[in-house]
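Residues per chain, in single letters:
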Amino acid sequence: MSQLRFAYLGPRGTFTQQALNQIATEDESEHIPAIDSPRAITMVRSGEADFAVVPIENSVEGGINATLDTLAKDSDLLIFAEVLVQIAFTLAVRPGTKMGDITHISTHHAAWTQCRNWLGEHLPDAVHLPATSTAAGAAGLAGDGDPGYQATLVSALAAEQYNLEALSDSVADNPDAVTRFVMVGKSGTLPERTGSDKTTLMVQLATDEAGALLNMLEQFSARGVNLSRIESRPVGDSLGRYAFSIDAEGHLMDERIQAVLLGLHRVCPKVTFLGSYPTADHRRIRLRPGTTDDDFISARAWVDNLIERSS
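Scoring rules and cut-offs
- Residues numbered from 1 in each chain as written.
- Predicted model: local features only at pLDDT ≥ 70, side-chain atom pairs only at ≥ 80, totals over all residues.
- Heavy atoms only, no water.
- Core = buried A, V, L, I, M, F, W, Y, C linked by side-chain atoms within 4.5 Å.
- Buried < 20%, exposed > 50% of the residue type's maximum accessible area, 1.4 Å probe, protein only.
- Pairing = 2+ DSSP bridges.
- Helix = DSSP H or I, 4+ residues; strand = E, 2+ residues; numbered from the N terminus.
- Axes fitted to C-alpha atoms, helices over the stretch in contact; angles between N-to-C directions.
- UniProt positions renumbered as here; feature names shortened; annotations may be inferred.
- 1 Å grid on protein atoms, 1.4 Å probe; cavity = no way out; pocket = protein on both sides within 12 Å on 5 of 7 lines; lining within 4 Å.
- Points joined across faces, edges and corners; volume = space filled by probe spheres on them.
- Nonpolar A, V, L, I, M, F, W, Y, C, P; charged D, E, K, R; others polar.

Okay, the nonpolar core next. Within the largest apolar cluster, 32 residues are counted, with the highest numbers of intra-cluster contacts made by Phe89, Leu91, Ile105, Leu119 and Leu153. Ile32, Met43, Leu68 and Val182 belong to the second-largest nonpolar core, a separate cluster that totals 19 residues.

On to the sheet that holds strand E8 (residues 127-130), then. By definition, the strands of a sheet pair up through backbone hydrogen bonds, in either a parallel or an antiparallel sense. As summarised here, the arrangement of the 5 strands in space is E8-E7-E9-E6-E10, forming an open sheet in which the pairing is mixed. Looking at strand neighbours, the two that pair on one side only are E8 and strand E10 (165-171), the edges of this open sheet. The average angle at which neighbouring strand axes cross in this sheet is 25 degrees, direction not considered. Bridge count for strand E7 (residues 104-107) against E8 is 4 bridges, and the pairing is parallel. Among the inter-strand pairings, Thr107 is bridged to a residue of E8, identified as Pro130.

Time to look at the UniProt feature "domain: Prephenate dehydratase" (unreviewed entry) in the protein chain. What UniProt calls "domain: Prephenate dehydratase" (unreviewed entry) maps, in this numbering, to residues 5-186. Helix makes up 30% of residues 5-186 and strand 35%, with an end-to-end C-alpha separation of 13 Å.

Estimated volume of the largest pocket: approximately 470 Å³. As for the largest pocket, its lining consists of 27 residues, and the residues nearest its centre are Leu9, Pro55, Ile64, His108 and Ala110. Where the lining of the largest pocket is concerned, the elements lending two or more residues are helix H1 (15-23), helix H2 (37-46), strand E3 (51-58), strand E4 (62-63), helix H3 (65-72), helix H4 (109-114) and strand E11 (178-186). When grouped by side-chain class, the residues that make up the lining of the largest pocket number 11 nonpolar, 14 polar and 2 charged.

Okay, here's the thing in structure tokens:
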């Protein structure tokens, strides 16, 4: 049997590959590096990969817009799993380079922003050269010639893979920073519900209706569904039109989530379902009284009985 093909934000040694290794190692599957997250997702759409593993949210800067917008472009892909990775950066250099030699650092924008205070204290004059990923900066240092910079901020895995020297480990302004990654594939059978599940949606608001946001949020609150993440994204066709990227606690097969989707479909012009999958922390969902499956089924049976008696 051929191995599954996983596209990921490359090159080798990125935090994304660390996340992918929690799902399937290179011994178990084929890892295909992509230049960015949208390209990794596109590879699934085109059939070049079976799945893509991409960052979707970090605890410092929130949602990863490139991932959110690419996923929401169509309803042909679903999220099947999520993985959490603790983020700590290594300041890596070519062997022999000293801290005083560093004038330019190449790394991904997210890495630079998560280490801004540390860099301001230890390398206040260093200039940032943006890279497509953290590991891309490491690959440049590992190559021949002068890459135009002396250091990079990367994962410990990348520093090791590219034979770089670590001047400092655990570089970060927030030692508890975490990035959430998702495994994306073509629409198909959902993971079974576990009681510790998450449903991801993109919900567009009506633009000509007062209280549209409140009306949308009430669809969740009335059914006792908690939101673990909600972020606005511009629709893109004109100013003032927004959609909301949402993570809701629950699974499509839960009665309360189905009731939410029915409500959203009635009051919102566009609702895109992006998957139901187990949460990485396996935290059990605490249901409000009156929101269990049995409660919804019992209420529906009562109404059906009223209709039957009245017809």
